[in-house]
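Notes for the structure review
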Amino acid sequence: MGIGELDREAHVPEVTGAAAAPRTLAEALRARGDEGLAALLRARPDLLSPVPNDLTQLATRAGTRGSVVRALERLDRFALQTAEALAVGPDPTPYPVLLALLTGDEGDPGIEAALPGAVALLREQALVWGEDDRLRLVRTARELLAPSAQHPSPTGLGPTVAEATSGMSPGRVQEIIAAAGLPATHDPVSAVAALTELFTDRARMGALLDAASPEALAVLDRLVWGPPYGEVTANPAPPVRWLRDRGMLLPVSARTMVLPREVALHLRGGRAHRAPEPVPPELGVSREYRPQVVDSAAAGQAHVALATVEELLKSWDRGGPQVLRAGGLAVRDLKRTAAALDVTEETAAFWLELCYGAGLLASDGEADERYAPTPAYDHWLDLPPAERWALLVTPWLSATRTPGLVGGQDTKGRTLAALGPDLDRAPAPEVRHRVLALLATLAPGSAADPETLFARLRWERPLRGAAQAASEGDGGAPDLRSRLARWTLAEAELLGLTGRGALSGPARALLNLPLAEAAEATAPGGGVELSVAAERAATLLAPLLPEAVDHVLLQADLTAVAPGPLRRPLGDALAVLADVESKGGATVYRFTPGSVRRALDSGLTASDLHEFLKAHSRTPVPQPLAYLVDDVARRHGHLRVGAASAYVRCDDDTVLGEILADRRSASLGLRRLAPTVLAAQTDPASLLDGLRSMGYAPAAESAEGDVLVTRADAYRTPARTAPVPVPDGPPAPDRTLLGAAVRAIRAGDRAATVVRKEPAAVPSAAGTLPRTSAAETLATVQAAAMTGSAVWIGYVNADGAASQRVIAPVRVEGGFVTGYDHTADEVRTYPLHRITGVAELADDQV
């Protein structure tokens, strides 16, 4: 069951009020109950910005082009087809005529069953109003959906006979009806009516077509399902002339003919659409697995996701690549990141955007701006793995940034960069949530067939993808929602929300909340409801994740094998002492002279390293590894480098002699100052690197002669907030806002439509502000305050905006009147000098 069907079942508008048929949309809205108005405002939240003063203003706003376009884009395919059928039908359209336009002559039980719900949905959203015998599509929607030469209708129908002959000479019209076998008339209007009646009479139209040649019928067959326009030569063929003479093809220009709508409907058997779709496409299943298999696969991928994010941000621990002047990451830096993570560039862009969206990565804001981890990353590292996973997937659900667009082009032909601007697509959160919700409708362990999933999404929002693609400059991709859905499936698999294409148990727990609440909870100041769902999902994931180990297996080839994810202190320490050689289920570390020296530079001693290896290895420390540690430690710090510009000192003068004799030291500009001291013409850092390249293990020292510990301090950005999703229109109103808005609109409508007593001295026209003198105004409001009655006032605020209000004064003093404002549904105070006039309400309104 699609979104449209669910809405139609849940929110059938409540119609109450007078028995007389409404004459306008405002009257139709006035006849609704409060639940009906709330349903309209819930479905079209743009009508609430700001809250309309009364129902007339609400109806006017509901008919504006922007609001109608937004409402049409959110219709499912069958509701849209129903609106399109109303647009090609008469105005107003009786329900039986609408049903015939959708079912045709043969009928269709499925359409007959679904049509009441579609009409109820269109009524609820104020796109259709009127009783079943007079259904009216709002004028703006009719203009958007009705066929025209500039905007062809999806129905494939053309203009009516009356529209196509509007500029035709009366003599030519008479020639057409004469060729069609109709009697002459005295005016073109009756002639067009007679021709229309002929084309809508099935029996007479069938007899006329029986006289047509097979070639003429073939011409009609090419135009019947659209487009209804065709080009002809200056001297058309006999079949075309036969159709033109009888009005079954009418000219719209010297070289173009059109098939009238009445003729096309007859040829179609009365059907407006070639393929009505009253029922959403069924979601297919590609594979089925045991739920335990799906959860295990998803948990394994969740573990990989955590490791990938940690590896990415650890590689940028001392500052990442520079930010482009236009914003974002350079292509070469994206390539380097992809190579470091051993993934494609598209996948690397996803991980970068995920970290950015979760607030773990940002730019530092310095003059030479670079990307770096944020302080939130350190807090994230300290959390248990399952909670870290929840903090990644929760903002992903509501993020509007779309990494799948990286590498494409914007409307100006510029390449879209990772972490750069112009990557927001407002429908992304809705599509992500809807894709996962559809996966949740399948049995646990079932993987959906992607093509049926995309077809379902296209049915639910047929206009949304193309319209959004056009507005965002994605003209080369006509269906943005399908692309967003495809990316969602891939990203959900990378994050471990799905395993082997099926939704996992933790993901089902995370999706317990609707999208609107999830987006609200991730906004600043929110998070209570969503944290409950995230905590529940993390609780389900925790036992599925591989347990962290506190040991490694040392091997004789100077490697260490970690049989699982290492606990954080052990993993951080081993990352300093050894280099990662291979990753996977078991990570392999390799010890090298450079890695051991790195550990010694961080302040550890040889005995510290021996104790560390012995404490964390389940196998004896191999002799080659012990020798490597001792050998590097023996030479580490034997040479001392300090700042003179730079110097080298060593207690063994023979070592200094070897350095001076080595040709590789020529670039260092060394000379002996004393038996145990060499001076250099380069800086200490370059001198350290030069000596290390020669095979020595020097240590830096301070001015006091102490060895300097060169720990790699992590670089962090200032405190940063995660990017805020770009809203897809106004947010969905909550129940409290809906209730207050409905009360305010009702109160304003009562104030605008209430019957009042006009002052005898200064009569005013209906609908204008009352005009009374200051003395009369003061006396009337004082009397109303004493009797507790309500009055009608005209009021002009400080900005000069005039309004009508119904108030019940309770106190008049100091040049102000305080009373209960029925229009605003609250107690307010008004300056008397801003009240233009006052009038009593009619007796039956008091």
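Here is a short report on the structure shown in this document. Throughout this document, residue positions are counted from 1 along each chain, in the order its sequence is written. Only residues with pLDDT of 70 or above have their local features reported here, since the model is predicted, and side-chain atom pairs are shown and tallied only from 80 upward, although totals for entire chains, interfaces and linings are computed over all residues. With hydrogens and water stripped out, all remaining heavy atoms of the structure feed into the side-chain values.

Moving on, we get to the overall build of the chain. Helix and strand definitions follow DSSP, with helices as H or I runs of at least four residues and strands as E runs of at least two, each counted in order from the N terminus. Helices and strands together make up the secondary structure of the chain, namely 36 helices and 25 strands. Burial status across the chain gives 48% buried among its 846 residues. Long-range contacts, defined as pairs at least 24 residues apart, comprise 66% of the intrachain contacts of the chain with a sequence gap of at least 6. Accessible area of the chain: about 39,600 Å², with a carbon and sulfur share of 54%. Only protein chains enter the area calculation, which uses a 1.4 Å probe; residues under 20% of their type maximum are buried, those over 50% are exposed, and those in between are partly exposed. Between two residues, a contact is recorded if the distance between any of their heavy atoms is within 4.5 Å. For accessible areas, the Shrake-Rupley method is used with a probe of radius 1.4 Å. Any residue's cover is judged against the shown protein chains and nothing else.

Across soluble globular proteins, nonpolar side chains have a tendency to be buried as a group. Of all hydrophobic cores here, the largest spans 89 residues; its most connected members are Leu-29, Leu-41, Leu-58, Leu-195, Phe-199 and Met-248. Dropping the residues within four chain positions of it, Leu-29 is found in contact with Leu-37, Leu-40, Leu-55, Leu-58, Ala-59, Ala-126 and Arg-746. In plain words, nonpolar cores are sets of buried Ala, Val, Leu, Ile, Met, Phe, Trp, Tyr and Cys residues tied together by side-chain atoms within 4.5 Å. Residues Cys-355, Val-406, Phe-454 and Leu-541 belong to the second largest nonpolar core, which totals 68 residues.

The next thing to look at is the pairing of strand E18 (residues 671–674). Pairing between E18 and strand E19 (residues 677–680): three bridges, direction antiparallel. Paired with Ala-674 across the strands is Val-677, a residue of E19. The pairing criterion for strands is at least two bridges between them, as found by DSSP.

Note on aromatic contacts: the rings of Phe and Tyr and the six-membered ring of Trp form a pair at centre separations within 6.5 Å, being stacked when their planes are under 30 degrees apart, edge-to-face when over 60 apart, and tilted otherwise. Taken as a whole and assessed by the stated rule, the structure comprises four aromatic pairs. Each ring, one from Tyr-795 and one from Tyr-830, has its centre 4.7 Å from the other, and the planes form 65°; the classification is edge-to-face. Taken together, the residues Tyr-795 in strand E21 (residues 791–796) and Tyr-830 in strand E24 (residues 826–831) connect sequence positions 35 residues apart. When sorted by exposure, Tyr-795 lands in the same class as Tyr-830, which is buried. The ring of Trp-380 has Arg-388 lying over it, and the distance from NZ or CZ to the ring centre is 5.2 Å. Put simply, a charge is over a ring when the Lys NZ or the Arg CZ is close to the ring centre, within 6 Å, and near the line of the ring normal, within 35 degrees.

Pairing between strand E22 (residues 802–813) and strand E23 (residues 816–821): six bridges, direction antiparallel. The partner of Ile-807 across the bridge, within E23, is Asp-821. Inspection of the sheet shows E23 paired to E24 by six bridges, in the antiparallel sense. Bridge pairing in E24 links Phe-816 to Pro-831.

Take the sheet that holds E23 next. Spatially, the five strands line up as an open sheet ordered E24-E23-E22-E21-E25, and their pairing is antiparallel. A strand with exactly one partner marks an edge of an open sheet, and here the two such strands are E24 and strand E25 (835–840). The mean inter-strand angle of the sheet, taken between neighbouring strand axes irrespective of direction, is 45°. Bridging between E21 and E22 involves six bridges; their strand directions are antiparallel. When the bridges of E22 are listed, Tyr-795 appears paired with Ser-803. For helices, the fitted axis covers only the stretch in contact; all axes are lines through C-alpha atoms, and the angles between them, taken along N-to-C directions, range from 0 to 180 degrees. Strand contacts of helix H36 (residues 774–787): E21, E22, E23 and E25, with the helix running at about 65° to E22, the strand carrying the most contacts.

On to the packing of helix H31 (residues 606–616) against helix H32 (residues 623–635). Axis angle and axis distance: for two packed helices, these are the angle between their axes and the distance between the axes, and together they describe the pair. As a packed pair, H31 and H32 sit with axes 9 Å apart at the nearest point and diverge in direction by 160°. By the angle class used here, H31 and H32 are roughly antiparallel. Of the two possible hands of crossing, H31 and H32 adopt the one that is right-handed. Side by side, H31 and H32 meet where Ala-606, Leu-609, His-610 and Leu-613 of the first sit next to Leu-625, Ala-626, Val-629, Asp-630 and Ala-633 of the second. Throughout this entry, Asp, Glu, Lys and Arg are counted as charged residues, while Ala, Val, Leu, Ile, Met, Phe, Trp, Tyr, Cys and Pro are counted as nonpolar. The remaining residues, Gly among them, count as polar. Class assignment of the residues belonging to the contact of H31 with H32 gives a composition of seven nonpolar, one polar and one charged. Any angle that falls under 35 degrees is termed roughly parallel, while one over 145 is termed roughly antiparallel, one within 65 to 115 roughly perpendicular, and all others oblique. The sense of a crossing depends on the near helix, which, turned anticlockwise from the far helix by less than a right angle, makes the crossing left-handed and, turned clockwise, makes it right-handed.

Taken together, four strands build an open sheet; the order of strands is E12-E13-E15-E14 and the sheet is antiparallel. Two strands lie at the open edges of the sheet, namely strand E12 (553–555) and strand E14 (579–582), each paired on one side alone. Each neighbouring strand pair of the sheet contributes to a mean axis angle of 30°, computed without reference to strand direction. As judged from the four bridges shared by strand E13 (residues 559–562) and strand E15 (residues 587–590), these two strands associate in the antiparallel manner. Bridging across to E15, Ala-562 finds its partner in Thr-587.

With that settled, consider the packing of helix H18 (residues 331–341) against helix H19 (residues 345–357). Contact pair H18 / H19: the axes reach a minimum separation of 9 Å and the direction vectors enclose 95°. With respect to their mutual orientation, H18 and H19 come out roughly perpendicular. Across the interface between the two elements, Leu-334, Lys-335, Thr-337, Ala-338 and Leu-341 of H18 pack against Glu-345, Ala-348, Ala-349, Trp-351 and Leu-352 of H19. By residue class, the composition of the contact of H18 with H19 is seven nonpolar, one polar and two charged.

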